Amino acid sequence: MSSSDLSFFSKSKSSAAHHTQVPREIYVTTRLAWKAQQQQDSLGDSGSTASNSNTHPITPSTSESSNLKPNPNRKPKLATKTKTKTPHAVQRVREKRTRGYSPDADTTSTGSSPPPHTAKRRATSSRASTLDVEPIYRTSRSRSVSAFPPPDTDTDKLSRRQCWTHETGYPGEGFASAAEVVKGLVKRYKAYFRNLDDPSDTSFEPHEDSCPIAELEYPNNNASESFILLAPKDPDHYNPIMCLEQSLYTIIECYLTPAQQALFGKLPRDLLIDDHDTPPSSPLTPPPSLPPESPLTSPDSRMASPPPQQQEPAGVDYLRLIQRAIHRRDGPLFVQTMNTINHLLRSLKYPALPDDPFAPSTPNMLTAHIQTWAPTPAAPDPIPHKVLMRLIDETYQRSVGPHVHRLNRYSAFSSEVYGELMPAFTADIIAATGLNASSLFVDLGSGVGNVIMQASLQTGCRSYGVEVMPAPAEVGRAQLRQFAIRCRMWGVKAGEVEMEEGDMLTSPRVSELLPQADVVLVNNKVFLQSLNEALRPKFLDLKEGAIVVSLKPFVSSLNARVTERNVDDISAIFDVVERPYRSGSVSWGSNGGTYYLHRVDRQGYAGIKQRFENSRARLGRAGSRR
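Residues numbered from 1 in each chain as written. Predicted model: local features only at pLDDT ≥ 70, side-chain atom pairs only at ≥ 80, totals over all residues. Heavy atoms only, no water.

An unreviewed UniProt entry annotates the protein as S-adenosyl-L-methionine-dependent methyltransferase originating from Hygrophoropsis aurantiaca.

Colleague: Explain helix α17 (residues 470–490) residue by residue, including any values.
Modeller: An ideal rise of 1.5 Å per residue puts 30 Å on 21 residues; α17 measures up with 30 Å between its terminal C-alpha atoms. Directly after α17, the chain includes G491, whose backbone phi takes a positive value near 80°. (Helix = DSSP H or I, 4+ residues; strand = E, 2+ residues; numbered from the N terminus. Expected span 1.5 Å × (residues − 1).)

Colleague: Give me the lowdown on the packing of helix α10 (residues 318–328) against helix α11 (residues 331–349), citing residues and values where you can.
Modeller: For any two helices packed against each other, the geometry comes down to the angle between their axes and how far apart the axes lie. Direction vectors running N to C along α10 and α11 enclose 155°, while the axes themselves pass 9 Å from each other. Of the possible angle classes, the one that applies to α10 and α11 is roughly antiparallel. Considering how the two elements wind past one another, α10 and α11 form a crossing that is left-handed. Along its contact with α10, which presents Y318, L319, L321, I322, A325 and I326, the element α11 presents L333, F334, T337, M338, T340, I341 and L344. Classifying every residue of the contact of α10 with α11 by side-chain character gives 11 nonpolar, two polar and no charged. (Axes fitted to C-alpha atoms, helices over the stretch in contact; angles between N-to-C directions. Parallel < 35°, antiparallel > 145°, perpendicular 65-115°, else oblique. Left-handed = near helix turned anticlockwise from the far one by under 90°. Contact = heavy atoms within 4.5 Å. Nonpolar A, V, L, I, M, F, W, Y, C, P; charged D, E, K, R; others polar.)

Colleague: Pulling in residues and values, what's your account of the nonpolar core?
Modeller: Core analysis: the largest hydrophobic core is formed by 85 residues, its most contacted members being Y255, F334 and V492. It is helix α8 (residues 240–255) that contributes the most residues to this core, nine residues altogether. Once you skip the residues sitting within four places of it in the chain, Y255 turns out to touch P219, T250, Q260, M365, L366, H369, I370, W373, V387, W490 and V492. One finds L444, V510, V555 and V600 within the second-largest nonpolar core, a separate group that totals 29 residues. (Core = buried A, V, L, I, M, F, W, Y, C linked by side-chain atoms within 4.5 Å. Buried < 20%, exposed > 50% of the residue type's maximum accessible area, 1.4 Å probe, protein only.)

Colleague: Provide a residue-level description of the pattern of salt bridges, including the pertinent values.
Modeller: Two side chains bearing opposite charge may form a pair once their charged atoms approach each other closely. Evaluated as defined, the whole model comprises 15 salt bridges. A salt bridge links D393 to R390, with the shortest nitrogen-to-oxygen separation between them at 4.0 Å. With D393 and R390 both in helix α13 (residues 385–399), this residue pair falls three residues apart, about one helical turn. Given a relative accessible area of 6%, R390 falls into the buried group. E394 is paired through a salt bridge with R486; the nearest N and O atoms lie 3.0 Å apart. Note that E394 is positioned in helix α13 and R486 in helix α17, a separation of 92 residues in sequence. Accessibility assignment for this pair places E394 and R486 in one class, buried. Through salt bridges that share partners, E225, R390, D393, E394, R398 and R486 make up one connected network. (Salt bridge = Lys/Arg side-chain N within 4 Å of Asp/Glu carboxyl O.)

Colleague: Mind laying out the side chain of S507, listing which residues take part and the relevant values?
Modeller: One can find S507 in the loop between β7 (497–501) and α18 (508–513). Apart from residues lying up to four places away in sequence, S507 is in contact with Y464 and E500.

Colleague: Quick rundown of the packing of aromatic side chains? Include the residues and the values.
Modeller: This model, assessed by the stated rule, comprises 10 aromatic pairs. Taking the centre distance of 5.3 Å and the plane angle of 85° together, the rings of Y218 and W490 count as edge-to-face. Here W490 lies in helix α17 and Y218 lies in the loop between β2 (213–217) and β3 (224–228), a separation of 272 residues in the sequence. Neither Y218 nor W490 differs from the other in exposure class; each is buried. (Phe/Tyr/Trp six-rings, centres within 6.5 Å; stacked < 30°, edge-to-face > 60°.)

Colleague: How would you summarise α10 if you had to cite specific residues and measurements?
Modeller: Summarising burial for α10: eight of the 11 residues are buried, a large majority. For α10, the set of buried residues is Y318, L319, L321, I322, Q323, R324, A325 and I326. In this structure, the buried residues of α10 make contact with α8 and α11. Put simply, D317 is the residue that caps the front of α10, since its side-chain oxygen is 3.4 Å from the backbone nitrogen of L319. Backbone geometry just downstream of α10 places R329 in the positive-phi region, at approximately 60°. (Polar contact = N/O pair within 3.5 Å; in protein donor to acceptor, adjacent residues only side chain to side chain.)

Colleague: Just give me the short version of the pairing of β2, but keep the residues and values in it.
Modeller: In terms of strand pairing, β2 meets β3 through five bridges, oriented antiparallel. Note on β3: the bridge partner recorded for I213 is I228. Remark: six residues form the turn of the hairpin made by β2 and β3, two consecutive strands paired antiparallel; N222 in that turn has positive phi of roughly 60°. (Pairing = 2+ DSSP bridges.)

This is the structure:
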């Protein structure tokens, strides 16, 4: 036993303690007697009568002590195992020393056995009592429940956005209609409708120079589109008949009042539903005042249109007839019903002029209805979700769909692998980040630009996207032109959208806009680690409160403990939240996953760093005292 261990025991009062080598053996004997005393105390507490026997304290005699040899490895023999109870005051002192208590600690425990691991506690008690450092983390919130504060849902602020346009809806040159898209791929389509009354009629068959066509009036003035009535051979390809049907139902549901909707019939719940009822006994005829073939597309021709309440007989459900024609594949019934529906829409778009020439004319009832759209805390974006989705889908189908084969040409295992975020996932990101009309949204690696267009249309924000690959960048510019046309046709107004073909790391425009950005999207699912590392310094230019959205985190560990290695890391300015996305949210897989919101929180980081510096200073002072 080392001499340091002997200092723990109290000195003996025997005269033999003055000998040169005897004190070591006396201390050992006293320690063994103390352990036996603890066992005796335990027996006494249990009611044993052994504690009441005539016992006397064991004290080594002078002769016994003088015969002992100074052998540290030898265990001394006791003359008797019987011990007397240690005095109460001595017990308290020994107990405090054994447990590592400070001398001024207040305790009322007496006669208890030493706790386990006494030696380990004794070795660390000095440092533990001097410095108790609490682990410091970037945030105290749990990963599973972490959430940023909800975005501002003040209806007064939300209602300031003007989502309607005063421009005419005329598409103009360069308009990519549904008919033109199908004409370029007519070999991939087949006939869907037929003439039930004339089996020899081939007008509904696909031809290179002529195809069956139907028109659809859009809400804004002078806006209409042609649809070729053919079905794709591959069910996953663009279906113009279903597209026409969806757009028609969206216009009637979102742009008309309930009284106006009654003119068209009852909106069906599903597309292409079965209807086994027999056709109406009376033929479907247009009103005699205006033939359906009349191209009523100019404001001057609306003078001859009587009020819609006087045009059609009550009780005809034209929307149900559309469903029936699709189900029965009755081409003539479908075309005739669409002509009547378009006539009704034109009568609402171009009401009859008032009898008084000095009275103001009645505006377009469909576009006037847009001004009644109002945001709510539950739906902070004024544009109805169905209108938003139809406009985005129409633009994508005409602009991107025919060029998908070009987007798949990229180098494998590189940062240029092409992938898209679906509209539902984009809507979730917009809601999570609180984008609004005063925000700037930046997409680093924007692809064909579908995310920045949706963000500007849904919230009215200003959007910017940069894409390095030539093919997606070219398709994205074409889609942006069609997006602007379709916004006018639907009578809505989106925020400003800017697209650039270039490298996000070297673009001067990126360096200019990042300090102003409120939300930055980086679809870095397949980015190489070198590219992610190169992007991290650019985030130092972001303003306080800006959010970086990514598919892979830009931090080494979520809610990592602040240490010497990461206290000065670039990513320490971020407060990171992990969120799940549902299956079908991305183009490269059907499974769900997680995405990350990095909020710039320099003030929180400053507080964390100050706490870390204070803890490090306390640790240094404690070490110097030792």
